[in-house]
Amino acid sequence: MYFLEVSVAAQFSGRRYYTYESAEIVKIGDIVYVPFGKKQSLGIVRSIVKKPTFVTKSITQNTDLNVPATSLDLLSWMEHYYPYDYGDMTGLFIPPNARTQSRKIEQTIPTPITLPQPALTQDQQSALTLMTQNKHVLLHGDTGTGKTRVFLEFANNILSQGKSVLILTPEIGLTPQLEQSIINNCPYPVFSTHSQKTPAYRKRVWLRAATHLEPTLFIGPRSSLFLPYNNLGLVVIDEAHDNSYKSMQNPRYHALYVAAQLAKLHDAHFVQSTATPNVSDYTFVTSKNIPIARMTKIAAGEAKSHGVSVDLTNKELFTKHRLISDVLVHAITQALENNEQVMLFINRRGSARVVQCNSCGSIATCDTCGLPLTYHHDTHTLSCHLCAR
């Protein structure tokens, strides 16, 4: 008979492990089903112990899924760093559908891009060199300086060394466009995972990370931190300033800190990429003498567009239309004559936010909401923008 300590992924499990017995050999890191209270719960085997002095229950089932040592080390770090029940954090490391068999995941190996890439700018080359020479770098580049190009170049270098790469995005909505950009430039398997994927697919990605040793690039939001990675060589936090990296439900954690610890456990490079770093993050990296790759030059060249200021109070500039200046009318006409398109942005919906009687001062309001109705000149109607009356 074997006796083991299990961190049970159940609510109100407390900050402790629970001892169970098993007639079969169980390895540390195995995901098992155990009786917990009146329910069956998943848990992770944390250690093999001697026979205790009290009566123990037997595990219900071994799922044959195993969490590797580095993921267990990350879980242990979170258990000591954050003041939450061990069960809340254990659940982060267990894949969906842990009890069911999963199909083999199909590899997404894109065709390498055939179009030549533009040469790296001096800023990009300097940032790439800095990341190669240091384990932790803050990639601080203005919008349009090509930060994504830099860390994708670095990711390909890491993948060519036989190591995997993790790129975190702040939101699920940003994952597809980044994934497509990576697929067009990365001749290695690429997998994305997030909550909008099916549980079966997410489990197959989990198995891919746990069982395959060949270099793979993973993309996803903060939940991607808890995949069972093997041989991770680079962790990138894209848009590192975004508040979405903070989990606002139990267990609360900051993905930036967890990602830094994950990189440390794998002895991997860690890159924070942002155009507007948080003051706290900037203060931290400067106090710790962490290199900052500063990028200011626009990668695609300086923009040729220019702006013109128009004095709205000078009626001599509005001879052709009372709302559109002569300068703008001329620019629109010239663009249309050149078979080009024009886009005008207005700062509000409707032509007038208030319609008031000149005689009595009464304002047209919505009978339902009591708010002023907005006048739309194109349809000659009054509309409520709250209830659509």
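Since this is a predicted model, take the numbers as computed values, not measurements.

**Student:** What's the story with the sheet that holds strand 2 (residues 18-22) in this structure? I'm lost.
**Tutor:** In a beta sheet, neighbouring strands are held together by backbone hydrogen bonds and run either parallel or antiparallel to one another. The 6 strands are arranged 5-2-1-4-3-6 in an open sheet whose pairing can be described as mixed. With partners counted over all chains shown, the strands left at the sheet margins are strand 5 (57-58) and strand 6 (61-66), one partner each. Bridge count between strand 2 and strand 5: 2 bridges; the pairing is parallel. Residue pairing for strand 5: Glu21 is matched across the bridge by Ser58. On top of the sheet, helix 1 (residues 69-81) reaches strand 1 (2-8) and strand 4 (39-49); it is set at about 105° to strand 4, its chief contact.

**Student:** Help me understand helix 3 (residues 122-133), please; the structure alone is not making it clear to me.
**Tutor:** Since the α-helix advances by 3.6 residues per turn, residues separated by three or four positions end up pointing in the same direction. Taking 1.5 Å per residue as the helical rise, helix 3 with its 12 residues ought to reach 16 Å, and the 17 Å between its terminal C-alpha atoms agrees with that figure. Looking at the buried side of helix 3, the elements it contacts are strand 7 (136-141), helix 4 (147-160), strand 12 (269-274) and strand 13 (292-295).

**Student:** Is there a simple way to explain helix 4 in this structure?
**Tutor:** If you check helix 4, its first and last C-alpha atoms are 20 Å apart, about what 14 residues at 1.5 Å a residue would give, namely 20 Å. Within helix 4, 10 of the 14 residues are buried, which leaves the element mostly enclosed by the surrounding structure. Three or more residues of helix 4 are buried, namely Lys147, Arg149, Val150, Phe151, Leu152, Phe154, Ala155, Asn156, Ile158 and Leu159. Of the residues trailing helix 4, Gly162 is marked for its positive phi of about 85°.

**Student:** I'm lost on the pattern of salt bridges in this one. Help?
**Tutor:** The tally for this structure, following the rule as stated, stands at 7 salt bridges. Lys27 is paired through a salt bridge with Asp30; the nearest N and O atoms lie 3.9 Å apart. Among the residues examined, Lys27 registers a relative accessible area of 51% and is labelled exposed. Classification of Asp30 as buried rests on a relative accessible area of 3%. Among the ionic pairs, Arg46 bridges to Glu79, the shortest N-O distance being 2.9 Å. Here Arg46, found in strand 4, pairs with Glu79, found in helix 1; they are 33 residues apart in sequence, far enough to count as distant. Neither Arg46 nor Glu79 differs from the other in exposure class; each is buried.

**Student:** I tried to follow the pairing of strand 4 on my own but got confused; where do I start?
**Tutor:** The side chains of a regular strand alternate between the sheet's two faces. As paired elements, strand 1 and strand 4 share 6 bridges and run antiparallel to each other. Looking across to strand 4, one finds that Glu5 is bridged to Ser47. Bridge count for strand 3 (residues 30-36) against strand 4 is 6 bridges, and the pairing is antiparallel. Directly across from Tyr33, in strand 4, lies its bridge partner Leu42. Between strand 3 and strand 4, which follow one another and run antiparallel, lie 2 residues, and Gly37 among them has a positive phi close to 70°.

**Student:** Help me understand the environment of Met131 in this model?
**Tutor:** On the secondary structure map, Met131 appears in helix 3. Linking Met131 and Phe270, residues 139 residues apart in sequence, is a C-alpha distance of 8.6 Å. What Met131 contacts, discounting residues up to four positions off in sequence, is Val137, Val150, Phe151, Phe154, His269 and Val271.

**Student:** Teacher, can you tell me more about the packing of helix 1 against helix 7 (residues 255-266) here?
**Tutor:** When two helices pack together, you describe them by how their axes are tilted relative to each other and by the distance separating the axes. With their axes 10 Å apart at the nearest point, helix 1 and helix 7 run at an angle of 140° to one another. Relative to helix 7, the element helix 1 is oriented oblique. Our pair here, helix 1 against helix 7, has a crossing hand that is right-handed. On helix 7, the residues that touch Thr70, Asp73, Leu74, Trp77, Met78 and Tyr81 of helix 1 are Tyr257, Val258, Gln261, Leu262, Leu265 and His266. Its residues assigned to classes, the contact of helix 1 with helix 7 comprises 8 nonpolar, 3 polar and 1 charged.

**Student:** Just checking my understanding: could you explain the packing of aromatic side chains for this structure?
**Tutor:** Any two aromatic rings considered together are summarised by their centre-to-centre distance and by the angle between their planes. Under the counting rule described, the total for this entry stands at 9 aromatic pairs. Ring centres of Phe93 and Phe226 lie 5.0 Å apart, and the angle between their planes is 65°; on these two criteria the pair is classed as edge-to-face. With Phe93 in the loop between helix 2 (86-90) and helix 3 and Phe226 in the loop between strand 10 (217-220) and strand 11 (232-238), this residue pair connects regions lying 133 residues apart in the sequence. Taking relative accessible area as the criterion, Phe93 reaches 2% and is therefore assigned buried.

**Student:** It is not clear to me how the sheet that holds strand 11 should be interpreted in this structure. Could you clarify?
**Tutor:** Overall, parallel pairing links the 7 strands, which are arranged 9-10-8-11-12-7-13 in an open sheet. Looking along the sheet, the strands with just one partner apiece sit at the ends: strand 9 (190-192) and strand 13. Neighbour to neighbour, the strand axes of the sheet diverge by 15° on average, direction disregarded. Note: strand 7 against strand 12, 5 bridges, orientation parallel. Bridge assignment links Leu138 to a residue of strand 12, and that residue is Gln272.

**Student:** I keep staring at the side chain of Thr90 and nothing clicks. Help me out?
**Tutor:** Among the secondary structure elements, Thr90 is positioned in helix 2. Note on Thr90: relative accessible area 0%, which makes it buried. Within the local environment of Thr90, its side chain forms a polar contact with the backbone oxygen of Tyr86, the two atoms lying 2.8 Å apart. Sequence-distant contacts of Thr90, defined by excluding residues within four places in its chain, comprise Ser7, Ala9, Ile44, Leu75 and Glu79.

**Student:** I tried to follow unusual backbone geometry on my own but got confused; where do I start?
**Tutor:** A cis amide bond, omega -5°, links Asn250 with the succeeding residue Pro251. Note on placement: Pro251 falls in the loop between strand 11 and helix 7. Backbone geometry places Asp64, a non-glycine residue, at a positive phi of 65°. Inspection of the secondary structure puts Asp64 in strand 6. The exposure class assigned to Asp64 is exposed, which follows from its relative accessible area of 68%. Even without glycine at this site, Asn231 takes up a positive phi of about 55°.

Reading the values: the criteria
Residues numbered from 1 in each chain as written. Predicted model: local features only at pLDDT ≥ 70, side-chain atom pairs only at ≥ 80, totals over all residues. Heavy atoms only, no water. Pairing = 2+ DSSP bridges. Helix = DSSP H or I, 4+ residues; strand = E, 2+ residues; numbered from the N terminus. Contact = heavy atoms within 4.5 Å. Axes fitted to C-alpha atoms, helices over the stretch in contact; angles between N-to-C directions. Expected span 1.5 Å × (residues − 1). Buried < 20%, exposed > 50% of the residue type's maximum accessible area, 1.4 Å probe, protein only. Salt bridge = Lys/Arg side-chain N within 4 Å of Asp/Glu carboxyl O. Parallel < 35°, antiparallel > 145°, perpendicular 65-115°, else oblique. Left-handed = near helix turned anticlockwise from the far one by under 90°. Nonpolar A, V, L, I, M, F, W, Y, C, P; charged D, E, K, R; others polar. Phe/Tyr/Trp six-rings, centres within 6.5 Å; stacked < 30°, edge-to-face > 60°. Polar contact = N/O pair within 3.5 Å; in protein donor to acceptor, adjacent residues only side chain to side chain.

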